[in-house]
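# Analysis of the macromolecular model
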Amino acid sequence: MADPRRRSTDVVSLVAGLVCCGIALSWLLVSVGEIRLRDLGWLMPMVLIGAGLFGVLLSIRRSRRLRRPDRPR
């Protein structure tokens, strides 16, 4: 039986949260005047690529952990 104190990571929710944080950060930077609206042409794809790579890495890590046989205690 799985340890009730340990929960698996929901990768989809984590990546969606990172995308929302990236959108909020870009809105904040435009509002403060640090970047112009036309500069979002490179910023938003970078946020999406970064969140996607993070999700892929977490998925790979999780699949490796699931394939590993249980160790005796």
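Calculation notes
Residues numbered from 1 in each chain as written. Predicted model: local features only at pLDDT ≥ 70, side-chain atom pairs only at ≥ 80, totals over all residues. Heavy atoms only, no water. Helix = DSSP H or I, 4+ residues; strand = E, 2+ residues; numbered from the N terminus. Buried < 20%, exposed > 50% of the residue type's maximum accessible area, 1.4 Å probe, protein only. Areas by Shrake-Rupley, 256 points an atom, 1.4 Å probe, with all protein chains shown as cover. Expected span 1.5 Å × (residues − 1). Contact = heavy atoms within 4.5 Å. UniProt positions renumbered as here; feature names shortened; annotations may be inferred. Polar contact = N/O pair within 3.5 Å; in protein donor to acceptor, adjacent residues only side chain to side chain. Patch = residues over 30% accessible without salt bridge, like charges linked within 9 Å, V, L, I, M, F, W, Y side chains within 5 Å. Salt bridge = Lys/Arg side-chain N within 4 Å of Asp/Glu carboxyl O.

In the annotation of an unreviewed UniProt entry, the protein chain is listed under the name Apolipoprotein N-acyltransferase and assigned to Actinopolymorpha rutila.

Moving on: the overall build of the protein chain. Across its full length, the protein chain carries 2 helices and 0 strands. Per-residue burial over the protein chain gives 16% buried out of 73 residues. On the protein chain, roughly 6,500 Å² of surface is accessible, and the fraction owed to carbon and sulfur atoms is 64%.

One turn of the α-helix equals 3.6 residues, which is why residues spaced by three or four share an orientation. With 28 residues, helix H2 (residues 40–67) should reach 40 Å at 1.5 Å per residue; the first-to-last C-alpha distance of 41 Å fits that figure. For H2, the set of buried residues is Leu 40, Leu 43, Val 47, Ala 51, Gly 55 and Leu 58. Buried-residue contacts for H2 involve helix H1 (11–32).

With that out of the way, let us pick up the environment of Leu 58. Relative to the helices and strands, Leu 58 resides in helix H2. The spatial distance from the C-alpha of Leu 58 to the C-alpha of Leu 14 is 9.7 Å, given a sequence separation of 44 residues.

Moving on to the UniProt feature "transmembrane region" (unreviewed entry) in the protein chain. The positions UniProt marks with the feature "transmembrane region" (unreviewed entry) are residues 12–30 and 42–60. End C-alpha to end C-alpha, residues 12–30 measures 27 Å, and it is 100% helix and 0% strand. For residues 42–60, helix accounts for 100% and strand for 0%, while the C-alpha atoms at its two ends are 27 Å apart.

This next bit is on the side chain of Ser 26. With respect to the element layout, Ser 26 can be found in helix H1. A polar contact of 2.8 Å, which involves the side chain of Ser 26, links it to the backbone oxygen of Ile 23. Among residues more than four places away in sequence, those in contact with Ser 26 are Ile 35, Leu 40, Leu 43 and Met 44.

On to a nonpolar patch on the surface, then. On the surface, Leu 25, Trp 27, Leu 28 and Val 32 cluster together to form a nonpolar patch covering roughly 450 Å² of accessible area. Examined against the element boundaries, Leu 28 turns out to sit in helix H1. A relative accessible area of 43% means that Leu 28 is categorised as partly exposed.

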